[in-house]
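Architecture and fold: a report
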Amino acid sequence: MQRLQFIAQRVVKGIVVLLGIIILNFLLIRMAPGDPASVMAGEAGAADEVFMSQLRKEFGLDRPLHEQLAVYVKNVVTLDLGYSYRQQRPVADLLLERVPATLLLTGTAFLLSLVVGVLLGILAASRVGQWSDSLVTVIALFFYATPIFWVGLMGILLFSVTLGWLPSFGMYTVGGKLTGAAFALDVLHHLILPAITLALFHMAVYARMTRASMLEMRDQDFVRTAHAKGLREGRIVRIHVLRNAILPVITMAGVKAGYLIGGSIVVETVFAWPGIGRLAFETVMQRDYNLLLGVFILTSFMVIAVNLITDIIYSFVDPRIELGQ
Amino acid sequence: MTGMEGLRDFWQRYRRNKGAIVGLAVLVLVLATALLGPTLFPGNPWDMAGAPFQKPFDPEFPLGTDTLGRDILMGIVHGARVSLLIGFVATFAAVSLGVILGSVAGYYGGLVDDLLMRFTEFFQTIPSFVFAIVLVAIFTPSIASIVAAIAIVSWPPVARLVRGEFLTLRTREFVQASVVLGRSSRHIIFVEILPNAVSPIIVAGSLMVATAILIESSLSFLGLGDPNMMSWGFMIGSARTVLRTAWWMSFFPGLAILLTVLALNLVGEGLNDALNPRLTREGR
Amino acid sequence: MAASVRARSLLEVRNLKVALPAHADRPFAVNDISFDIGKSEILCIVGESGSGKSLTAAAIMRLLPRSVSIAGGSIHLDGTDLLALSRTQMRELRGRRISMIFQEPMTALNPLMRVGRQIEEILEAHTDLDQRQRTERVLELMHAVELPEPGQLRHAYPFRLSGGQRQRVMIAMALALDPVLLIADEPTTALDVTTQKQILALIKRIQSRMGMGVLFITHDFGVVAEIADRVGVMQHGHIVEMGPAMELLNAPRHAYTRKLIAAVPRLEPRPTEEGETDDMLRANRLSKTFVTGGGLFMRRRVVRAVRDVELVVHEGQTLGVVGESGSGKSTLGRLLIRLIEADGGEVTFAGKDFLHASSRALRALRPKIQMIFQDPYASLNPRRKVGEIIADGPRAHGAARAEALEQARRLLTLVGLDAGALDRYPHEFSGGQRQRIGIARALALNPRMLIADEPVSALDVSVQAQVLDLLNDIRRRFNLSMLFITHDLRVAAQVSDRIAVMRLGEIVEMGPTADIFLRPRHDYTKELLDSIPGRKWVAPALFAD
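For clarity, every value in this text was computed on a predicted model and none was experimentally measured.

Helix and strand content of chain A: 13 helices and two strands. Taken over the C-alpha atoms alone, chain A extends approximately 80 × 55 × 40 Å along its principal axes. Per-residue burial for chain A yields a buried fraction of 53% across its 325 residues. Considering only contacts within chain A whose residues lie at least 6 apart along the sequence, 72% involve residues at least 24 apart. Summed over its atoms, the accessible surface of chain A is roughly 14400 Å², and 68% of this surface lies on carbon and sulfur atoms. Charge centroids of chain A, computed over 26 positive and 22 negative side chains, lie 10 Å from each other.

Counting residues at the interface gives 51 residues for chain A and 40 residues for chain B. Together chain A and chain B conceal approximately 4200 Å² of surface at their shared face, both sides included; 78% is due to carbon and sulfur atoms. When the buried surface of chain A facing chain B is broken down by residue, Phe149, Trp150 and Leu153 of chain A rank first, second and third, together holding 14% of it. Between the two partners, chain A and chain B, sit two salt bridges. Of the charged contacts, one joins Glu269 of chain B and Arg208 of chain A as a salt bridge, the two residues approaching to 3.1 Å between their closest N and O atoms. Where chain A packs against chain B, one counts five residue pairs in polar contact (both at pLDDT 80 or more). Those elements that provide at least two residues to the side of chain A that touches chain B are helix 1 (2–31), helix 7 (131–145), helix 8 (148–162), helix 9 (180–217), helix 11 (233–271), helix 12 (276–286) and helix 13 (289–317) of chain A. Here the side of chain A that touches chain B takes ten residues from helix 13 of chain A, the largest share from any one element.

Another point: the confidence of the model for chain A. For chain A, per-residue confidence averages 84 on the pLDDT scale, and residues scoring 70 or more make up 91% of the total. Across chain A, element-level confidence peaks in helix 10 (residues 221–228) of chain A with a mean pLDDT of 93 and bottoms out in helix 3 (residues 43–46) of chain A with 51.

Taken together, the contact pairs 28 residues of chain C with 20 residues of chain B. In this assembly, chain C and chain B are joined by two salt bridges. As a salt-bridge pair, Asp392 of chain C and Arg183 of chain B come within 2.6 Å of each other at their nearest N and O atoms. Between the two partners, chain C and chain B, sit 13 residue pairs in polar contact (both at pLDDT 80 or more). Those elements that place two or more of their residues in the side of chain C that touches chain B are strand 16 (369–372) and helix 14 (386–396) of chain C. Here the side of chain C that touches chain B is composed, by residue class, of eleven nonpolar, seven polar and ten charged.

Another point: a nonpolar patch on the surface. Residues and elements named next belong to chain A. Together, Leu112, Val115, Val116, Leu119, Ile192 and Ile196 make up a nonpolar patch on the protein surface, roughly 450 Å² of accessible area in all. Of all the secondary-structure elements, those providing two or more residues to the nonpolar patch are helix 6 (91–126) and helix 9. Top element by residues in the nonpolar patch is helix 6. It accounts for four residues. Structurally, Ile192 can be placed in helix 9.

Turning our eyes to something else, we now look at the sheet that holds strand 6 (residues 98–101) of chain C. Residues and elements named next belong to chain C. Within the open sheet, the six strands sit side by side as 6-7-8-3-9-10. Their pairing is mixed. Edge strands, defined here as strands with exactly one partner in the open sheet, are strand 6 and strand 10 (238–244). Averaged over neighbouring strand pairs, the angle between their axes works out to 15° when direction is ignored. Where strand 6 and strand 7 (residues 181–185) come together, four bridges link them in parallel fashion. The partner of Met100 across the bridge, within strand 7, is Ile183. Helix 8 (residues 193–210) rests against strand 3 (42–47), strand 6, strand 7 and strand 8 (213–218) of the sheet, and its axis sits at about 160° to strand 8.

Pairing of strand 9 (residues 230–235) of chain C with strand 10 of chain C, which is carried by six bridges, proceeds in the antiparallel orientation. In the strand pairing of strand 10 of chain C, Gln235 of chain C is matched with His238 of chain C.

Another point: the packing of aromatic side chains. Applying the stated rule across the entire model yields 19 aromatic pairs over all chains. Taken together, a centroid distance of 5.9 Å and an interplanar angle of 45° make the contact between Trp247 of chain B and Phe252 of chain B tilted. Judged by centre distance (5.8 Å) and plane angle (65°), the ring pair of Phe349 of chain C and Phe354 of chain C falls under edge-to-face. The exposure classification of Phe349 of chain C matches that of Phe354 of chain C, with both residues buried. Taken together through their ring pairs, the aromatic side chains of Phe296 of chain A together with Phe119, Phe122, Phe123, Phe131 and Trp155 of chain B make up a single cluster. Note that Arg208 of chain A overlies the ring of Tyr144 of chain A, its terminal NZ or CZ placed 4.5 Å from the centroid. The ring of Phe28 of chain C carries Lys17 of chain C above its face, with NZ or CZ at 4.4 Å from the centroid.

Looking down a regular strand, the side chains alternate between one sheet face and the other. Residue and element names in this part refer to chain C. The two faces of strand 16 match: Ile369 and Met371 on one face and Gln370 and Ile372 on the other face are all buried. Direction of pairing for strand 16 relative to strand 17 (residues 449–453): parallel, over a ladder of four bridges. Each bridged residue has a counterpart across the sheet, and for Ile369 the counterpart in strand 17 is Met449.

Quick notes on the rules
Residues numbered from 1 in each chain as written. Chains lettered and ligands numbered in written order. Predicted model: local features only at pLDDT ≥ 70, side-chain atom pairs only at ≥ 80, totals over all residues. Heavy atoms only, no water. Helix = DSSP H or I, 4+ residues; strand = E, 2+ residues; numbered from the N terminus. Buried < 20%, exposed > 50% of the residue type's maximum accessible area, 1.4 Å probe, protein only. Contact = heavy atoms within 4.5 Å. Areas by Shrake-Rupley, 256 points an atom, 1.4 Å probe, with all protein chains shown as cover. Lys, Arg positive; Asp, Glu negative; His and termini not counted. Charge placed at Lys NZ, Arg CZ, Asp CG, Glu CD. Buried area = accessible area lost by both parts, 1.4 Å probe. Salt bridge = Lys/Arg side-chain N within 4 Å of Asp/Glu carboxyl O. Polar contact = N/O pair within 3.5 Å; in protein donor to acceptor, adjacent residues only side chain to side chain. pLDDT = per-residue confidence, 0-100. Nonpolar A, V, L, I, M, F, W, Y, C, P; charged D, E, K, R; others polar. Patch = residues over 30% accessible without salt bridge, like charges linked within 9 Å, V, L, I, M, F, W, Y side chains within 5 Å. Pairing = 2+ DSSP bridges. Axes fitted to C-alpha atoms, helices over the stretch in contact; angles between N-to-C directions. Phe/Tyr/Trp six-rings, centres within 6.5 Å; stacked < 30°, edge-to-face > 60°. Lys NZ or Arg CZ within 6 Å of the ring centre and 35° of its normal.

Here you go:
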């Protein structure tokens, strides 16, 4: 019951935040230098004065601001994100067809970074001061400091250009006409390099955090109690240290979801991965702002959803959650 | 812990972290490059200096030339200035904003705190890099818009940190003693609380410079850099298409970013060890 | 002779040395100590902070902090050399033959595991019992330590339990496998007196029923008097005196033991100062309610911290406010001095309405009523020099810097510190010295009244006595009125002219100190008095030499 209340509270909060982002979007269009209509039309509209006035009318730009806002919010909520005059298609359609590719990439990278990062953190913490700890620490330090696009490019250089092991471009072999399992394998083959590229930075984050958190936990009083009970070292680490140490990592994973989606813009650009990130890059190149703002709303929505899921997972792991934040 | 003695203490503790010493050395080198580079390598990094596609380790062009025959070493030297400038200015802006909002929320508490924290959480939920792209794209890329965008997406963690510090320090007995003595809020905030909250702010700030440089490089990699300034991210972005034939054009600027960011992170960790002695790994 | 001791003793510690890390203030935390614990005997090791008593306990369990190590000596349990055992053998012994309970019940249990599971875990580790047998044993143990409704409570997470209940869970765990030796490291220090009494009684009852040996670490001679068969007194890593409890408590021989026992506040109510004086502070129907949480879906938590409190502090007198944690006594002190704003009621100070004073009027009144705080480590700003800290009050009210510093110099001498302290930082001083600095700061504005919130509870007993003497001295010298908040009835008896007993935000009884101690009327007052550890022991009149 209390968990339901907690989840309901988080859902409401998420909706409020989303509404705030929609309003922010609206304000951004209005605050941008120049005519909102030209912002929405992008470069496409700049030349044609008749087309612009038609746009202004369509969006109610001649009406008072609060009415415009109401129209805008209503449109977004009903999934009408406007029209990309560059691509000559509705924004919502353009976005939706790109969602699966991005989910595949970010989802894989998320799991990879979390699992490997936590494992490395545990390894380092349980061998603190030894060479394996130092190695993990140094690796984490490096990937924490490396720009993600550069990791991607160097990966291509090594694994595609030099070794020829992995494809460097796209999501599947163009003109391959593969189906079923063969197609899935082909996609997987294309996924390896971008997913690892995207995962490395966050892997470093989780590894550092898990290590620090484990080291902090093993000095807690309840761990001393566990030792005094004569429990085996392995059980103490697994049940007492790790379970408590993982809580801040879960919180961090939720917070970092936004960064993962941000990183996917760069990675999709490097690997020509046909997802939302790649689309974002194209919109920037073509100054297709209406589409870019659509990307902004969609990615925000994804982050809010991930945060909600993390909160729910957290509420199952930590019994104290009902006491409030 | 102030004065000369405190400084010596601080240095003693900082010195114990070897990585932090290396980081400091590299950072000093990068800073020197940024300050003196344009004097040592006079000229315009955008100018064609030699034949395009020259390989590195050549006496004239140690790091080679790019697709338009520009000297890559020269680009990196000039780019250091942009990266550090944007990194430090954006961090300064973000930290200032964070400290102001965080201290107001933490000191006054109640409804003010509630509102400010909802506001902060809101900005923390927005995917920051996407938001930065939107801001720079809509307000057209320039040093000012890039700095503003990075600052706008970076301040929330500082605000939360400072608020947390203020919340705990506010209930500390020496702050209550100050209230009882009849001190003003201004005195309490600036003399009693803030000096005790400075250490974590400095550490967070030093780490944030690193993050800001990474964001800047990503923005300019995507073509959202200031079109008048040579930057590391831009160099990699424009060399991306010729990666297969000319690896050095992407490799060296990337290495410059890596070393700078790594150095900043190491310095940040060293500061953390030196300023928050209780949290050092040594005691474990 | 050695052979006969070996036959009798359960635990033999010989020439034990525990080494501290290189940069510590002394090389050995525990320096060459030897003692025995007999079967079914309770040995108390008593000492002040830093005496090495807790590390002695940890050394026997071989659970020392990483930076500390055993540097010599031997520990035998029932003839087994504990220091010669392998790690695995030692692990198997822990929890089965020797158990340990700790000081902080709030943090000693895993917050993410149900308490029943935590008890069951020790059975899993050391026995072959199946699931059903384990559950049965868990219920039996929870019953044995008198936890309510074990059937339901075993499914609860630790945060649901009170401090006393958590300590009972710890004891249940410690007893699960009938160990021969129980090590208790200050197990009741974090608990309220009434809970402490129950836990002490429980340990004693179980000990005599099971015939366990107990090593009981404490700093409190009252607790020693309550529970010990034999006592060892530790100072700077040495055992300076050891003997049967009654002998040592009533006729201590070593100078240090004599000093410690002399410092224990006598349980003799101080005679109330004669003659009615004017009211200095008067509170009427003072109330404060805290509301936390709240919001769309969260439950609001409402705590009525202070309810309709009425009290009077007479000029030149001390009103002691006693109560357990959560009684609202600290909140009351902060309401009276307006660190927290009250919800309602009246406070009259020196004839003026204090509670509703405008900020300007409040500023004028502030110097006249000052506060002394509990934690000597948190009550001084670590970044300011002692001189600036003491001069802060006069500076706030317009005094010139040089003048204020000169006054600070005089005050330092008054509170028994060297004037050279002016230019030093708080971290260079000990807890007792810091508390003196805090007193000097409060005196700098020539107040007429002090509110002292547990001013000695963070100090060792010998330092505590000195600070209490200082407070008493300045109170007489400046004819100060005082509100003295404390959880320690011994201290209250010593400093107060009158006493107010608080429970759940209300004053349940108030009167002259002698009346409260000798003729308590309220049941709760009686219960509190009855819970004072070692209340039957009358500390001998000693002159600390």
